[in-house]
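Structural features, examined
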Amino acid sequence: MSLSFANSIAVQGRARALVPLCVGAGAYLFFLFLGDTLLQDSDSFWQIKIGQWILDHGAMPTIDFYSFTRTGAPWISTSWLSQVAFAFSHAQWGWAGPVILTAAAVALTVAIFVHLLEAHLEAPRAVLFAMLALLLSIHHVLARPHILALPVMVAWAGLLMAAASRKSAPSWTWLPLMALWANLHGGFVLGLALIGPISLEAVEHAEKGRRLALFMRWVLFGIGALIASCCTPYGWRTLQGATNILSLGELLTLILEWMPANFATFTPFEGALLALIAFGYYRGLVLSAPRIFLILFLTWSALSHVRSIEAFAFLVPLVLAKPLGEMFPQPAPEAAGTESWPARYITALGAVMIVAASWTSTSLYLGHHRFTFTMTQTPVAAVDLLEQRKVQRVFNAYQFGGYLISRDIPVFVDGRAELYGEKFIMDFFKATEGKKPGLLPRLLDEHKIDATLLGADAPGPQILDQLKGWKRIYADDIAVIHVREPADGAIAAPSK
């Protein structure tokens, strides 16, 4: 090998090492400059409120104290660490804090993702997969806990797949990653579920004489991961709380992020599925049974709940990386240890410069841009009126619950669906959506409601307009307020 050719390989190796960081920095700046789009989910309000409560009290919530319909009922926060991080950043920098935190989490996710793919694929293909994964996930990139757990999910799955590719068991040193995931978001149950099929991939390709021993090592690792997932302030209740949402039955079809995928119009997810099928047929892609099961499982999850599309987007490429790498072999990487120390310093300097440039861009952007929560669906004026009237018991729309919590107003219902249960929220939706109009007055009387705060585009306000004893006192493009009216026509005083 000539000296010039060797130097060329060394330069390419150093450049390749910086690719994940460059892609991550690009993703960070992209979502930073589109930061206001990350602030359009009302659940962010109550997530930050709970995080602030934890910081203020130095304790963990174990009961509900934000609603008047479930006050004192057992409830735990399976995303407490993310909520604390969002609350702290919000207290320090306003809405810019959650935006920066969310953009940084996406950047870290992409960087880890590209790094893992580069073990099997050339850098351009790894970057292309990263761009496609972001495209599929962009609808769910919001300032909420699941985004802070996203880099942990990708790292966990990548490490498991890497162990399977080496025909070995995962290292016990990875278990703290599961503990971190369990404190960040309830989605850690997916990480536990992945252990089984990935372990079969490792065992299937191991030598026959060591399959049983390898399988037992995976079993022990799975037990260790289960124990690690309980290393939270709530212990084993974290696992129970994370799975409660899956028991809501019919209700999941009404909550936007838990709805099944809709193919009435063409979506990137639909395109990804068709491309995956077409590629498999065209190139004759051959996969092991465990990898096929993983892809089918991730596809089924994404078809069942749109919130699982980002798991499909980031994990399916990790499952396919090794088979694709065998189909499209890349040049052998530079042997370890051949790179000189000055070259490593240059690589490290390049990484520092990328991080510094990203932070400088952040400072400059924040100097002339102020992030604000999307108010097109936030009933600010309506809630101001309710506070002026000192209303005590408000029958609020589901999507308004988070904002009411942020204003310290007890809610009828909010985004913590597992707290209220399937029947309670299904009755609420049936009453306010006009499916059972007679149910609405019963709920209002049963819960001694003083005023209603419903969406302007929902059937509920029109039902209340015709309901004896209720009077519309406010309406705008976002919300409508009705208050209870006595028989003599005077507006009722707030209940005590």
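Right above here is the structure, for reference.
All values reported here derive from a predicted model rather than from experimental measurement.

A few points about the overall build of the protein
In terms of regular secondary structure, the protein is built from 20 helices and four strands. Computed over C-alpha atoms, the radius of gyration of the protein comes to 26 Å, within 12% of the 23 Å expected from 2.2 N^0.38 for 496 residues, which places it in the range of a compact globule. Along the longest, intermediate and shortest principal axes, the C-alpha atoms of the protein span 100 × 55 × 45 Å. The proportion of buried residues among the 496 residues of the protein is 50%. Here the protein has roughly 23,300 Å² of accessible surface; of this, 65% comes from carbon and sulfur atoms. Both charge centroids of the protein, one from 35 positive and one from 34 negative side chains, sit 6 Å from each other.

Focus: the sheet that holds strand E1 (residues 394-396)
Across the sheet, which stays open at both edges, the four strands sit in the order E1-E2-E4-E3 with mixed pairing between neighbours. The outermost strands of the open sheet, each flanked by one partner alone, are E1 and strand E3 (470-475). Across the sheet, the mean angle separating the axes of adjacent strands is 20° when strand polarity is ignored.

Brief notes about the nonpolar core
Core analysis: the largest hydrophobic core is formed by 151 residues, its most contacted members being Met153, Trp156, Trp218, Leu315, Phe395, Ile425 and Leu453. Ranked by the residues each element gives to this core, the list is headed by helix H6 (residues 145-165), at 13 residues. Contact partners of isoleucine 425, with chain neighbours within four places excluded, come to Leu251, Tyr398, Val413, Ala417 and Tyr420.

Describing helix H2 (residues 43-57)
An ideal rise of 1.5 Å per residue puts 21 Å on 15 residues; H2 measures up with 21 Å between its terminal C-alpha atoms. Every buried residue of H2 is accounted for by Asp43, Ser44, Phe45, Trp46, Gln47, Ile48, Ile50, Gly51 and Ile54. Buried positions along H2 lie against helix H3 (80-93), helix H4 (96-117), H6 and helix H16 (401-406). Glycine 58 occupies a position one or two residues after H2 and carries a positive phi of about 60°.

Things to note about the pattern of salt bridges
Evaluation of the coordinates by the stated rule reveals 16 salt bridges. Put simply, glutamate 257 and arginine 144 hold a salt bridge, and the shortest N to O gap is 3.1 Å. Residue glutamate 257 is found in the loop between helix H10 (237-244) and helix H11 (268-283), and its partner arginine 144 is found in the loop between helix H5 (123-137) and H6; the two are separated by 113 residues along the sequence. Classification of arginine 144 as buried rests on a relative accessible area of 7%. Connected through shared salt-bridge partners, Asp41, Arg144, Glu257 and Arg307 make up one network.

A short note on the packing of H5 against helix H13 (residues 309-327)
Interaxial distance between H5 and H13 falls to 8 Å at its minimum, and their mutual angle equals 160°. In terms of orientation, H5 and H13 fall into the roughly antiparallel class. Where H5 crosses over H13, the handedness of that crossing is right-handed. Within the contact between the two elements, H5 uses Phe129, Ala133, Leu134, Leu136 and Ser137 and H13 uses Ile309, Glu310, Phe312, Ala313, Phe314, Pro317 and Leu324. In terms of residue class, the contact of H5 with H13 is made up of ten nonpolar, one polar and one charged.

Remarks on unusual backbone geometry
Phi at lysine 390 is positive, roughly 55°, even though this residue is not glycine. Mapped onto the elements, lysine 390 comes out in the loop between helix H15 (380-388) and E1. In this structure, lysine 448 is a non-glycine residue whose phi angle is positive, near 50°.

Comments concerning a nonpolar patch on the surface
On the surface, Trp172, Leu200, Leu212, Phe215, Met216, Val219, Leu220, Ile223 and Ile227 cluster together into a nonpolar patch covering about 870 Å² of accessible area. Counting residues per element, the nonpolar patch draws most heavily on helix H9 (residues 211-229), which supplies seven residues. Inspection of the secondary structure assignment puts leucine 212 in helix H9.

Criteria and thresholds
- Residues numbered from 1 in each chain as written.
- Predicted model: local features only at pLDDT ≥ 70, side-chain atom pairs only at ≥ 80, totals over all residues.
- Heavy atoms only, no water.
- Helix = DSSP H or I, 4+ residues; strand = E, 2+ residues; numbered from the N terminus.
- Rg over C-alpha atoms; globule rule 2.2 N^0.38 Å.
- Buried < 20%, exposed > 50% of the residue type's maximum accessible area, 1.4 Å probe, protein only.
- Areas by Shrake-Rupley, 256 points an atom, 1.4 Å probe, with all protein chains shown as cover.
- Lys, Arg positive; Asp, Glu negative; His and termini not counted.
- Charge placed at Lys NZ, Arg CZ, Asp CG, Glu CD.
- Pairing = 2+ DSSP bridges.
- Axes fitted to C-alpha atoms, helices over the stretch in contact; angles between N-to-C directions.
- Core = buried A, V, L, I, M, F, W, Y, C linked by side-chain atoms within 4.5 Å.
- Contact = heavy atoms within 4.5 Å.
- Expected span 1.5 Å × (residues − 1).
- Salt bridge = Lys/Arg side-chain N within 4 Å of Asp/Glu carboxyl O.
- Parallel < 35°, antiparallel > 145°, perpendicular 65-115°, else oblique.
- Left-handed = near helix turned anticlockwise from the far one by under 90°.
- Nonpolar A, V, L, I, M, F, W, Y, C, P; charged D, E, K, R; others polar.
- Patch = residues over 30% accessible without salt bridge, like charges linked within 9 Å, V, L, I, M, F, W, Y side chains within 5 Å.

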